[in-house]
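Chain residues, written in single-letter form:
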Protein chains: 2
Amino acid sequence: MIEHPAYDVAPWSLRESELNFDVLPQSESVFALSNGHIGWRGNLDEGEPNGLPGSYLNGLFERHPLPYGESGYGYPESGQTVINVTNGKVIRLLVDDEPFDLRYGTIRHHVRELDLRAGVLRRSCEWVSPAGRAVRVRSTRVVSFQQRAVAAISYEVEPLEDQVRLVLQSELIANEEIPRVAGDPRVAAALESPLQAEENSASGTRLRLVHSTQRSKLRVATAADHRVEGPEHTTKISSESSDDVSRLTVTAVLDTGQKLRLEKFVAYGWSATRSLPALRDQADAALVGALDTGWQGLLDQQREYLDDFWERADVEVDGDTEIQQAVRFGLFHVLQAGARAEERAIPAKGLTGSGYDGHTFWDAETFVLPLLTFTSPRAASEVLRWRCNTLPVARERASQLGLSGAAFPWRTINGDEASSYWPAGTAAFHVNADIADAVVRYVAATGDDAFEKDTGLQLLVETARLWRSLGHHDHAGAFHIDGVTGPDEYSAIADDNAYTNLMAQSNLVAAADAAERHPRHAAELGVTAEETAAWRDAAAAMTVPYNADLGVHEQSAGFTRHQVWNFTATDSEDNYPLLLHYPYFDLYRKQVVKQADLVLAMYLRGDAFTLEEKARNFAYYEPLTVRDSSLSAYCQSVVAAEVGHLQLAHDYLGESAMMDLEDLENNARDGLHIAALAGTWTALVAGLGGMRLFDGDSIRFSPRLPDALSRVAFRLLFRGRRLRVEFTRTSATYTLAEGEPIEVLHYGEPFELTTARPVTRDVPGYQHRPEPSQPAGRAPRRRHHPA
Amino acid sequence: MIEHPAYDVAPWSLRESELNFDVLPQSESVFALSNGHIGWRGNLDEGEPNGLPGSYLNGLFERHPLPYGESGYGYPESGQTVINVTNGKVIRLLVDDEPFDLRYGTIRHHVRELDLRAGVLRRSCEWVSPAGRAVRVRSTRVVSFQQRAVAAISYEVEPLEDQVRLVLQSELIANEEIPRVAGDPRVAAALESPLQAEENSASGTRLRLVHSTQRSKLRVATAADHRVEGPEHTTKISSESSDDVSRLTVTAVLDTGQKLRLEKFVAYGWSATRSLPALRDQADAALVGALDTGWQGLLDQQREYLDDFWERADVEVDGDTEIQQAVRFGLFHVLQAGARAEERAIPAKGLTGSGYDGHTFWDAETFVLPLLTFTSPRAASEVLRWRCNTLPVARERASQLGLSGAAFPWRTINGDEASSYWPAGTAAFHVNADIADAVVRYVAATGDDAFEKDTGLQLLVETARLWRSLGHHDHAGAFHIDGVTGPDEYSAIADDNAYTNLMAQSNLVAAADAAERHPRHAAELGVTAEETAAWRDAAAAMTVPYNADLGVHEQSAGFTRHQVWNFTATDSEDNYPLLLHYPYFDLYRKQVVKQADLVLAMYLRGDAFTLEEKARNFAYYEPLTVRDSSLSAYCQSVVAAEVGHLQLAHDYLGESAMMDLEDLENNARDGLHIAALAGTWTALVAGLGGMRLFDGDSIRFSPRLPDALSRVAFRLLFRGRRLRVEFTRTSATYTLAEGEPIEVLHYGEPFELTTARPVTRDVPGYQHRPEPSQPAGRAPRRRHHPA
């Protein structure tokens, strides 16, 4: 947890006004730049000190053997992990023979600022060397949204008091030493020097390294070029190269008032198939493009890209400045994670760290894609196209498991299952319905018929086939899905998990509907009328467990009969997360919920519950839910808002929003929680804004505010239109900024919205209910009331 | 599977009349000699060819790291595996410079015979060397029941046609090369050369090696001495020693009619605590004892020991000669596994192979101890004393799991949990009730009050405490045990497993009863009246799931609602065992039973079911039970007999009996299935004989025979008495060979049995029911009907 006030609260930036070595690893994640293709952690320009050096390329990974004490049929043999690729960020500085290293000497001033509108990381530092030489260093770093293979740095040094001799070393470094994290020595070994040198060169100001990975057989080329400005007579340049380091050296003698300035342009290319010459050319071509654009050109493009993004996606929050900052921070990082992923996955940490081995999970579709769908729909469709590209592997996995259709992996980089603990991996089949749900949501929000035909339909059909083969009818005709694991990872291998069954139900119906909309494409996939009828039958007969005595839905069959976890005995922070202190066997068999499961079902399948049911269920599950997952708070916020616990909705919104900025789970060092960041947006838009898409033809809002907030406004794209929704505690105003007239529902009442004029409606009151309690010590931090 | 008629059928021996290299590994298991302390596989005297060289000492193991792809709280970090200790069996022979190696030259004749009354392995061989020299080799091997640290070999060579020069090399060999079995390279590495040399010596005819293990820090001393008889003038002896080999060499020139004879005495000592000198002395002392007894003396002692055993334990079967042989073979091997274990475990394979890493499981208490309890009660009590000695570790494990009392390990050598897959390890808590059941059975069968006070009570109390903390009452007061795994390993992590709950119920009651019988000892264990009342409450409120629609008990809550496995799709031998061809997730969630679970409960807790319920349940579970475990057939045999399927009872008896002799599970090479061998006895005594002990004061029989058998007779010890029960299809005769008069029940009708005269009673008829079917292709082999 970041205890000190690490970051200044400001609406459009994240500013760190002094350097704190203790939270260096966390700040590297927070200040990471990415475009979804390249990711550069916010490591200091000079490379050291660091927490975790990190340069990532989406999809570039190494394999390692997965060990089992007792093996079993269908266990994946090979794991995958993202690797730290060639570091193009490093610019070392020597000041009169003293390395510029902030652990020594005196820091007079050190500011870093992530500018959310400019899309750059700026740094400004005044430092006095141990020998007493004072310099100012300013740098700006950009990972280009417009040129996805390109990142660049501008680096400027000036002496403050005396003449100094400076040496700058701008490098490409492969196989950097990284701290050991993995427990398995074989995994660690696979990652120690993951890159095998293939080629290196240094010529003039241009550097290049080409490497390949040993087991996954991926090749990566990194090229850099430089523009140097310094005092004409004293500035000298040389370069050299070896297997793992390619280096440009600039020396200069500067008087006060003079500056040495370096622009560094870096381009990456990687491929599983392209030859070394082809890949070398690819990186060089990207580099030439960047050089041609120039430093200022890159900054201008970046600004333009982000202006457009904020224009369609910004969220305004009055009354809680931290959340205002956090939601924009979240929007920015989610954009960074997905903007240019382009037929690659969005990992749980984006490209901000190596946490979870760089794997993608269900949260990409369920938590991240909603934001992208309504703000950057193309990015959302690219993720789903990636899933579709992995269908051959997913079909093979289903077949290995004795199932029809496709079984998508629980965790993966390239589409192969990489989870070695099946009760919380393979058994979590809901990932398949989550993907289908993302397809339905995307098509409903965009009307992208071409996508549905060429991509969505395949995903819907193959996942529906999976569900039909995974479930079965009992003798009374009810359809059951047994022995699976829902979102709550403190339960596993349960029968009729309500979330899974409800999501499978809509998956089956959506597949049948889509097949009927596109009969020719469906026929190509072998879909028959008998098959769609079987899907509809299974959906209609789907079991959703309910405890009539308690009047609540069961998370899974028998759940409410289980013993309630002894929360009194685990009321200290030291007992959490429970999974580090208690065995799975005990967690699984008791009523204790790691993360929203039935509560998430009540959001995503809100149509399956009455408001009263939602309120009763929420009241039942709140005291059982410990939120040991970053994926929980925002779901609880959405449902709390719907059932009328507005203060609690605000509290959970705050928890989701501050997950990384306050490092609430003590692991922001490994990368940001992209899903929680996206969830913050959802908590505002679907929670407080009450946005729902049920049938896709219209869009519904039921806006409502907690006491502390005076105004919320958000923008989004819907079926080619730009919408703006702004609401206070008493009224809501809907604006159509662009596009054809559209039907909007305000608290269930439809009206037509046109660009001609905004529509304002009153916000009705709502039933107040007693606020439910959380497990001892697990209440979210109360957000401030206004005076 | 051993396809050829490997062994001659004979009532008191197992005789192999030719050497078949294809089944060498299996025959090494079948011909293994052991006394429960030392185990020597039936490797050929000359060491090679071999399948798996094996010399074991009970409890001597090495540790190795347990790997996890994703680790979890409470997972054991360290595995254990039995190691192949110093081989004292090897006697190599050179015939005129040609090694006596049966892979070369010509075998004229080769016979091996395990003599079940003499307790020795005899071998006789005539061989012609590639150079044409013919010799006869005879050897006899004994592992002494009376002197538990001692084994010995007599080895005799004679030329058959010409004078030959012979060289005998009698060796102690440490760190023999063994075939790789473990999949994990780290485990294999730990076992490659497990013994570190500490001392070696060779002096005259005496050899000695002392080694210790690297991680488990156990020291083992092996000493050998020899008696040589050969032609006076030509016989010469020398010896030499190095780290891992100590060797006696005998050379002689023999004319036809002359013999060279070697007696080799081997003694082992091992300890975790004793010093090198102390352990050296221990092995030497045992050796001196053996030398003093002499070869013939050892044979005489062995015969005496076995005469006594057969007198109290023999089972006669008329009408199925294979089963007659197999049941004695089983009795002999179970005796070998347990006779002198003395506060050590009985591993699943005894000391006949390294299968299951030499671990002991619940089958020691549930399957092996019944036989020992009624035939060698001291051996049974020693196993339970071993469990009691491991209580400190079991208490610690319970505490780690958040439970009270003791949690015994699922698999172990020294008492530490060594199972790395918790759903089929830690979750199988029934092992604790199985231990308690063995205590109750032992005390009931022996009346050993001292044992109950000093050992049994502790085991009962600590296991009862476990159950009380593992289960909970629901709001209606019913007691449930959730999220555990019963005997059927094709289900896991289920609620209210009927077997577990019923065994826990009797565990709780037995603990309360024993505590009330021994109030002073109970008080020392901290047992209060409140605590025993809580045990009785939980037992009285125990849930046993029942499906009223089907009229059958559920193996666990909801089991009968699950989808039935598609047996039609898995009707080929190639699909079995299912666990090698289908994922656990699919097995767990469907109605498919690996091994008797509810059916075992109906035997061990027969009092909890009516006969009609037993018949209905048996008919329901038979078509679901695939018997992918060697632990299943005998339980099915017992219950089949009780509900009146006598032919089926005979078939299952046959399957259990022939498990190793016909290698039905294709893994007899790794060691014998000691539990299945013991189960054969149980199928005869408790199945056909209908023996039950319910309240311990009397003993009940309900004998009944299938058509093919004409007579069965068995002997057993009960409360210090020697009983004999003999029955045909029409009548049963009960004889008290020794001891005070006793009440016996024949089909529920009590009578007094005295040594004065046997009592004969008619065998009543029984209700014939339609025989249930088994899954496609999984019916047991039908035993022959008489003509």
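Residues numbered from 1 in each chain as written. Chains lettered and ligands numbered in written order. Predicted model: local features only at pLDDT ≥ 70, side-chain atom pairs only at ≥ 80, totals over all residues.

Identification of chain A as Glycoside hydrolase family 65 protein from Streptomyces polygonati is taken from an unreviewed UniProt entry. Comment text from UniProt for chain A, heading Sequence similarities (unreviewed entry), reads "Belongs to the glycosyl hydrolase 65 family." (UniProt positions renumbered as here; feature names shortened; annotations may be inferred.)

J.: Run through the relation of the copies chain A and chain B, naming residues and quoting values.
T.: It takes a turn of 180° to lay chain A on chain B, together with a shift of 0.0 Å along the axis; the resulting RMSD is 0.0 Å. A rotation of that kind, with that shift, is consistent with a two-fold axis. Most of the interface of chain A is mirrored in chain B, where 100% of its interface residues are also at the interface. (Least-squares fit on C-alpha atoms with pLDDT ≥ 70 in both. Contact = placed C-beta atoms within 7 Å.)

J.: Which residues make up the packing of helix α15 (residues 611–621) of chain B against helix α16 (residues 633–643) of chain B, and what values do they have?
T.: Residue and element names in this part refer to chain B. Their axes nearest at 10 Å, the elements α15 and α16 cross at an angle of 130°. Of the possible angle classes, the one that applies to α15 and α16 is oblique. In the crossing of α15 with α16, the sense of the turn from one axis to the other is left-handed. Each of Leu-611, Lys-614, Ala-615 and Phe-618 in α15 lies in contact with α16, whose residues at this interface are Val-639, Ala-640, Glu-642 and Val-643. (Axes fitted to C-alpha atoms, helices over the stretch in contact; angles between N-to-C directions. Helix = DSSP H or I, 4+ residues; strand = E, 2+ residues; numbered from the N terminus. Parallel < 35°, antiparallel > 145°, perpendicular 65-115°, else oblique. Left-handed = near helix turned anticlockwise from the far one by under 90°.)

J.: An account of the UniProt feature "domain: Glycoside hydrolase family 65 central catalytic" (unreviewed entry) in chain A is needed here, citing residue identities and associated values.
T.: The sites that carry the UniProt feature "domain: Glycoside hydrolase family 65 central catalytic" (unreviewed entry) are, in the present numbering, residues 328–682 of chain A. In residues 328–682 of chain A, the share of helix is 51% and the share of strand is 3%. The end C-alpha atoms are 13 Å apart.

J.: Now, about the interface of chain A and chain B: what can you tell me, with residues and values included?
T.: Taken together, the contact pairs 41 residues of chain A with 41 residues of chain B. The element contributing the most residues to the side of chain A that touches chain B is helix α13 (residues 584–588) of chain A, with four residues. When the residues that make up the side of chain A that touches chain B are grouped by side-chain class, the tally is 18 nonpolar, 15 polar and eight charged. (Nonpolar A, V, L, I, M, F, W, Y, C, P; charged D, E, K, R; others polar.)

J.: How would you summarise the sheet that holds strand β32 (residues 749–753) of chain A if you had to cite specific residues and measurements?
T.: All names here are of chain A. Pairing is mixed across the open sheet formed by three strands, whose spatial order is β27-β31-β32. Edge positions in the sheet fall to β27 (699–701) and β32, since each of these pairs with one other strand and no more. The sheet shows a mean angle of 30° between the axes of neighbouring strands, direction not considered. Of the strand pairs in this sheet, β27 and strand β31 (residues 742–746) are connected by three bridges, and their pairing is parallel. Residue pairing in the sheet places Ile-699 in a bridge with Val-744 of β31. (Pairing = 2+ DSSP bridges.)

J.: Can you tell me about the packing of helix α4 (residues 321–338) of chain B against helix α17 (residues 646–658) of chain B, naming the residues and giving the values?
T.: All names here are of chain B. With their axes 9 Å apart at the nearest point, α4 and α17 run at an angle of 50° to one another. As the angle between them shows, α4 and α17 are arranged oblique. Handedness of the crossing formed by α4 with α17: left-handed. On α17, the residues that touch Glu-322, Ile-323, Ala-326, Val-327 and Gly-330 of α4 are Leu-653, Gly-654, Ala-657 and Met-658. Looking at side-chain class alone, the contact of α4 with α17 contains six nonpolar, two polar and one charged residues.

J.: So what's going on with the environment of Gly355(A)? Residues and values would help.
T.: Residue and element names in this part refer to chain A. With respect to the helices and strands, the residue Gly-355 is situated in the loop between α4 (321–338) and α5 (363–375). Residues Gly-355 and His-673 lie 318 residues apart in sequence; the distance between their C-alpha atoms is 9.5 Å. For Gly-355, the contacting residues outside a window of four places in its chain are Ala-348, Lys-349, Asn-667, Asp-670 and Gly-671.

J.: Would you mind going over the nonpolar core in detail, with residue names and values included?
T.: Generally speaking, nonpolar side chains in soluble globular proteins are found buried as a group. Membership of the largest hydrophobic core comes to 492 residues, with the highest contact counts inside it found for Ala267(A), Val368(A), Leu684(A), Ala267(B), Val368(B) and Leu684(B). Each residue touching Val368(A), except ones within four places of it in the same chain, is listed here: Val334(A), Ala337(A), Gly338(A), Ile346(A), Asp363(A), Ile674(A), Ala675(A) and Ala678(A). (Core = buried A, V, L, I, M, F, W, Y, C linked by C-beta atoms within 7 Å. Buried ≥ 20, exposed ≤ 12 C-beta atoms within 10 Å, placed from the backbone.)

J.: Quick rundown of the pairing of strand β18 (residues 245–254) of chain A? Include the residues and the values.
T.: Residue and element names in this part refer to chain A. Both strand β13 (residues 164–173) and β18 contribute to a ladder of 10 bridges, which runs antiparallel. Residue pairing in the sheet places Leu-166 in a bridge with Ala-252 of β18. In this structure, strand β17 (residues 236–241) lies alongside β18, joined through six bridges in antiparallel fashion. In the strand pairing of β18, Ile-237 is matched with Val-250.

J.: An account of the sheet that holds strand β7 (residues 91–95) of chain A is requested, with residue identities and associated values reported.
T.: All names here are of chain A. One open sheet holds the five strands; their spatial order is β8-β7-β13-β18-β17, and the pairing between them is antiparallel. Edge positions in the sheet fall to β8 (98–99) and β17, since each has one partner strand and no second. Here β7 runs beside β8; their pairing, made up of two bridges, is antiparallel. If you follow Val-95 over to β8, its bridge partner there is Glu-98.

J.: Please provide a residue-by-residue account of the environment of Val443(B), values included.
T.: Residue and element names in this part refer to chain B. Checked against the element boundaries, Val-443 lands in helix α8 (residues 430–446). Residues Val-443 and Ile-38, 405 residues apart in the sequence, show an inter-C-alpha distance of 28 Å. In this structure, Val-443 is in contact with Asp-448, Phe-451, Glu-452 and Gly-456, ignoring residues within four places of it in sequence.

J.: Describe unusual backbone geometry, with residues and values.
T.: Residue and element names in this part refer to chain A. Note that the residue after Glu-48, namely Pro-49, is joined by a cis bond; omega there is -5°. Here Pro-49 is to be found in the loop between β3 (38–40) and β4 (55–57). Following Tyr-576, the chain continues into Pro-577 via a peptide bond in cis, with omega recorded as -5°. By the secondary structure assignment, Pro-577 is in the loop between β25 (563–564) and α13. The backbone phi angle of Glu-343 is positive, close to 60°, even though this residue is not glycine. Considering the arrangement of structural elements, one finds Glu-343 in the loop between α4 and α5. A residue is classified by how many C-beta atoms lie within 10 Å of it, and Glu-343, with 16 of them, is partly exposed.

J.: Before we move on, can you summarise the environment of Tyr621(A) with the specific residues and values?
T.: All names here are of chain A. Structurally, Tyr-621 is set in helix α15 (residues 611–621). Look at Tyr-621 and you get buried, because 25 C-beta atoms sit within 10 Å. Remark: the alpha-carbon pair of Tyr-621 and Glu-77, spanning 544 residues in sequence, is separated by 37 Å. With sequence-adjacent residues up to four places away left out, Tyr-621 is seen in contact with Val-593, Leu-598 and Val-599.

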